[in-house]
Amino acid sequence: IQKSVSNGLTAKEYVPPKVWRVDPNLGGTWGSINRPTAGVRSQKELPVGKHGLQLYSLATPNGVKVTILLEELLELGISEAEYDAWLVKITDQEQFTSGFVEINPNSKIPALVDYSVKTNGDDLPINVFESGSILMYLVEKFGKFWPAGADNLRKRTEAMNWLMWQMGSAPFLGGGFGHFFHYAPVKIEYAVDRYTTETKRQLDVLDKHLANRQYMLGGDDDDYSIVDMAIWPWYGQLALGNLYEKSFEFLDVENSYPNVMRWAKLIAERPAVKRGVMVNKSWGPLEGQLP
């Protein structure tokens, strides 16, 4: 069956089978990696450096969240936040090695191991996975960039609201818009329109929220928090044209979301952010990499 999808082009209409089976030739950027099963694909132990914190990651937006926070902690002079950063090459399927799966059974970067903390009298390190969980672990550990204290319940709740917003919203931006606009082997108008609509709605949510705020939690320097660090690698970098080629113009970011643009540029100028985006980066100009 031929079905019109856009501009007079046609594509075969997909009729789902009664029981789905994976196509071994999925195609696209990630087709050779994606499988409908979890677990170990190869045997390899993870390296361990000299610091208490060991980070296994890549400079994708989710990875950058964590390196920005670690660099911000170091910027404050907190030596206990020193860390070893190990590059995980996801295109080489290193996230499916035995060592990585042991600390993150979901096989996604980033993953963190804290060897500096001993709990319940044992000598076992603490494994932390999922970027939001790592951010919360580190702010609880170091007591920075999070509105703590009983008198901060309102602001802390707002911070958690926005942190959870980012976790729930970004998959529509990355797995939806980014995939179908940039990575998909074929461009499907319905899919691009669907996720562009949602991405622009999310940008509008941020733009309205930031209209009278310097940072996500307020206008003071002390309001800078992991909420900004979590949202900026996705939406700030998107606004600055650093995520997907041609998306800056396509989404009309500069004209449509001035408050997001102002906030994105403000965060980008922070020294710790400039370092954080370079850690575990293995593409682009060499001067922008700290692999």
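So, a few notes on the structure that sits alongside this text. (Residues numbered from 1 in each chain as written. Predicted model: local features only at pLDDT ≥ 70, side-chain atom pairs only at ≥ 80, totals over all residues. Heavy atoms only, no water.)

A few words on the side chain of Gln54. Relative to the elements of secondary structure, Gln54 occurs in strand E3 (residues 53-57). For Gln54, a relative accessible area of 0% gives the class buried. Of note is the side chain of Gln54, whose polar atom sits 2.6 Å from the side chain of Asp84. Setting aside its immediate chain neighbours within four residues, Gln54 contacts Pro47, Val48, Gly49, Asp84, Trp86, Ala111, Leu112, Val113 and Tyr115. (Helix = DSSP H or I, 4+ residues; strand = E, 2+ residues; numbered from the N terminus. Buried < 20%, exposed > 50% of the residue type's maximum accessible area, 1.4 Å probe, protein only. Polar contact = N/O pair within 3.5 Å; in protein donor to acceptor, adjacent residues only side chain to side chain. Contact = heavy atoms within 4.5 Å.)

Excluding glycine, residues mostly have negative phi values, and the peptide bonds linking residues are mostly trans. Between Ile109 and Pro110 the backbone carries a cis peptide bond, its omega angle lying at 5°. A positive phi is found at Gln93, a non-glycine position, where the angle reads about 65°. The residue Gln93 is located in the loop between strand E4 (83-87) and helix H2 (98-103) in this model. A positive phi angle, close to 55°, is found at Ser107, a residue other than glycine.

With that out of the way, let us pick up the packing of helix H4 (residues 153-183) against helix H5 (residues 189-209). Where H4 contacts H5, the two axes come as close as 9 Å, and the packing angle between them is 150°. The angle between H4 and H5 falls in the class roughly antiparallel. For the pair H4 and H5, the sense of crossing is left-handed. Taken together, the residues of H5 that come into contact with H4 (itself represented by Glu158, Trp162, Trp165, Ser169, Phe172, Leu173, Gly176, Phe177, Phe180 and Phe181) are Ala191, Val192, Arg194, Tyr195, Thr196, Glu198, Thr199, Gln202, Val205, Leu206 and His209. Broken down by class, the residue content of the contact of H4 with H5 amounts to twelve nonpolar, six polar and three charged. (Axes fitted to C-alpha atoms, helices over the stretch in contact; angles between N-to-C directions. Parallel < 35°, antiparallel > 145°, perpendicular 65-115°, else oblique. Left-handed = near helix turned anticlockwise from the far one by under 90°. Nonpolar A, V, L, I, M, F, W, Y, C, P; charged D, E, K, R; others polar.)

With that out of the way, let us pick up a nonpolar patch on the surface. A contiguous nonpolar surface patch, about 440 Å² in accessible area, is contributed by Tyr14, Trp20, Val22 and Leu26. For Leu26, the location among the structural elements is in the loop between strand E2 (9-12) and E3. When its relative accessible area of 40% is taken as the criterion, Leu26 is described as partly exposed. (Patch = residues over 30% accessible without salt bridge, like charges linked within 9 Å, V, L, I, M, F, W, Y side chains within 5 Å. Areas by Shrake-Rupley, 256 points an atom, 1.4 Å probe, with all protein chains shown as cover. Salt bridge = Lys/Arg side-chain N within 4 Å of Asp/Glu carboxyl O.)

In this section: the packing of aromatic side chains. For the structure shown, the criterion picks out eleven aromatic pairs. An angle of 10° between the planes, with centres 4.9 Å apart, marks the rings of Phe177 and Phe181 as stacked. Remark: Phe181 and Phe177 occur in helix H4; sequence separation between them is four residues, near one turn of the helix. For Phe177, a relative accessible area of 1% corresponds to the buried category. Here Phe177 and Phe250 contribute two aromatic rings whose centre-to-centre distance is 6.2 Å and whose plane-to-plane angle is 25°, an arrangement assigned as stacked. With a gap of 73 residues between them, Phe177 in helix H4 and Phe250 in helix H7 (residues 247-250) connect regions that are remote in the sequence. Joined through ring pairs, the aromatic side chains of Phe177, Phe181, Tyr183, Tyr244 and Phe250 make up one cluster. Its guanidinium or amino end placed over the ring of Phe142, Lys141 lies 5.6 Å from that ring's centre, counting from NZ or CZ. Here the guanidinium or amino end of Arg270 rests over the ring plane of Tyr224, the centre of that ring lying 3.7 Å away. (Phe/Tyr/Trp six-rings, centres within 6.5 Å; stacked < 30°, edge-to-face > 60°. Lys NZ or Arg CZ within 6 Å of the ring centre and 35° of its normal.)

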